[in-house]
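# Chains, contacts and geometry: an overview
Here's the letter readout for the chains.
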Amino acid sequence: MANRKPKHFLWQVEGKVAKIRLDRPERKNPLTFDSYAELRDTFRDLVYADDVDAVVFLPNGGNFCSGGDVHDIIGPLVKMDMKALLAFTRMTGDFVKAMLNCGKPIIAAVDGVAVGAGAIIAMASDIRIATPEAKTAFLFTRVGLAGCDMGACAILPRIIGQGRAAELLYTGRTMSAAEGERWGFYNRLVEAAALEADALEMAARIVSGPTFAHSITKTQLNQEWSMGLDQAIEAEAQAQAICMQTGDFERAYKAFVAKEKPVFEGN
């Protein structure tokens with residue numbers, strides 16, 4: 001997928017790390033019908049990509065994403081019938097499903113605004129890093145909609161807790177970067193000048209590891225949400241037995257015996 005040329009966002013692959021930037025910085029990078037669909041299709045295709053082992057969502061022009069474009073999305077939605085509206089909301093949900101099921105760790109590097117669907121992109125990522133200036137809001141109720149958008153009522157409480165998620169989803173208020181870090185939404189805060197380098201360093205560390213095993217880890221993190229403890233332990237036993245058949249497991253053992261650092265190959 002290194003040679004992919006999206007029409008509606010910036011895409012670059014370096015060292016098996018894909019970098020994504022939404023590309024409307026003059027409007028704080030809103031999403032359109034087309035960019036939603038293209039992002040969904042890109043993450044669906046990542047399942048089969050051998051040349052990408054991690055994804056980093058980056059800001060552009062000092063902002064992450066301002067959500068659905070008021071003129072290109074919100075305006076047309078007001079005029080749609082129920083069938084068309086449901087097709088749209090299912091499509092946006094499919095984007096989140098594609099992120100969760102792409103098999104690649106995703107890092108969100110957030111600066112400026114990450115609101116509406118922008119907050120959802122950060123939420124659906126595996127790791128979130130932000131600047132002190134980051135402003136995150138699940139602002140759906142502020143435009144007359146429910147807070148249950150694109151999986152927010154399922155995923156957000158698991159990250160920050162039910163009460164905190166309920167407050168953000170009922171009020172649509174902005175969560176400051178400091179709150180986000182304190183509540184566990186953000187893994188850490190870094191200065192804007194260091195944000196991209198910090199996120200890419202994390203991604204490089206991930207892709208230097210056993211990437212097949214990372215895909216199994218991501219699968220289990222998502223699937224075990226709906227499992228009982230006995231089911232989860234059995235699922236992990238099966239997953240780990242699969243990983244024990246990989247070359248990377250043997251490479252790690254031989255490196256340990258030789259007192260060397262293992263060099264993983266992702267198989």
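Residues numbered from 1 in each chain as written. Predicted model: local features only at pLDDT ≥ 70, side-chain atom pairs only at ≥ 80, totals over all residues. Heavy atoms only, no water.

### Some thoughts on a nonpolar patch on the surface
Nonpolar side chains collect at one region of the surface, where V70, I74 and V78 lie side by side and expose about 280 Å² of accessible area between them. Among the structural elements, I74 can be located in helix α2 (residues 70-78). What makes I74 partly exposed here is its relative accessible area of 36%. (Patch = residues over 30% accessible without salt bridge, like charges linked within 9 Å, V, L, I, M, F, W, Y side chains within 5 Å. Areas by Shrake-Rupley, 256 points an atom, 1.4 Å probe, with all protein chains shown as cover. Salt bridge = Lys/Arg side-chain N within 4 Å of Asp/Glu carboxyl O. Helix = DSSP H or I, 4+ residues; strand = E, 2+ residues; numbered from the N terminus. Buried < 20%, exposed > 50% of the residue type's maximum accessible area, 1.4 Å probe, protein only.)

### Points about the domain arrangement of the chain
Structurally, the chain comprises domain 1 (9-207) and domain 2 (210-258). For domain 1, the biggest contributors to the area lost against domain 2 are L100, G103 and R158; these three give 49% of the whole. Viewed at the interface, domain 2 and domain 1 are joined by one salt bridge. Close ionic contact of D126 with K218 constitutes a salt bridge, the shortest N to O distance being 2.9 Å. (Domains from an automatic or database assignment. Buried area = accessible area lost by both parts, 1.4 Å probe.)

### Regarding the pattern of salt bridges
For the structure on display, the rule yields 17 salt bridges. A salt bridge links E14 to K19, with the nearest nitrogen and oxygen atoms 3.7 Å apart. We note a salt bridge from K254 to E250, for which the minimum N-O separation is 3.0 Å. Highlighted residues: K254 and E250, both in helix α11 (residues 247-257), separated by four residues, approximately one helical turn. With relative accessibility at 43%, the residue E250 sits in the partly exposed group. Here the salt bridges share partners, and the residues they tie into one network are R24, R27, D69 and D72.

### Considering the sheet that holds strand β1 (residues 9-14)
Spatially, β1-β2-β3-β4-β6-β9 is the arrangement adopted by the six strands of the open sheet, whose pairing is mixed. In the strand order of this sheet, the two ends are held by β1 and β9 (188-189), each with one partner. The pairing of strand β4 (residues 106-110) with strand β6 (residues 127-130) spans four bridges and is parallel. Residue pairing across strands places I107 opposite I127, the latter belonging to β6. On the sheet, helix α1 (residues 33-46) packs against β1, β2 (17-22), β3 (54-58) and β4 and is oriented at approximately 20 degrees with respect to β1. (Pairing = 2+ DSSP bridges. Contact = heavy atoms within 4.5 Å. Axes fitted to C-alpha atoms, helices over the stretch in contact; angles between N-to-C directions.)

### Some thoughts on empty space enclosed by the protein
Taken as a whole and judged by the stated rule, the model has one cavity of 30 Å³ or more. As a volume, the largest cavity reaches approximately 30 Å³. Contributing to the lining of the largest cavity are L22, F57, L58, F64, C65 and I121. Across the lining of the largest cavity, the residue classes break down as six nonpolar, no polar and no charged. (1 Å grid on protein atoms, 1.4 Å probe; cavity = no way out; pocket = protein on both sides within 12 Å on 5 of 7 lines; lining within 4 Å. Points joined across faces, edges and corners; volume = space filled by probe spheres on them. Nonpolar A, V, L, I, M, F, W, Y, C, P; charged D, E, K, R; others polar.)

### A word on the layout of surface pockets
The computed volume of the largest pocket comes to approximately 650 Å³. Taken together, 25 residues make up the lining of the largest pocket; nearest its centre are I73, I74, L77, V143 and L145. Of all elements in the fold, only α2 and α3 (82-100) reach the threshold of two or more residues within the lining of the largest pocket. By residue number, the principal contributor to the lining of the largest pocket is α2, which donates five residues. Partitioned by chemical class, the residues of the lining of the largest pocket number 16 nonpolar, six polar and three charged. Counted as a void, the second largest pocket has a volume near 400 Å³. In terms of lining residues, the second largest pocket is bounded by 19 residues, among which S125, D126, I127, L221 and N222 are the most central. Sorting the residues of the lining of the second largest pocket by element identifies α4 (117-124), β6, α5 (152-160) and α9 (211-223) as the ones contributing at least two each. When its residues are assigned to classes, the lining of the second largest pocket shows 10 nonpolar, five polar and four charged. Built from parts of two domains, the lining of the second largest pocket gets at least three residues from each of domain 1 (9-207) and domain 2 (210-258).

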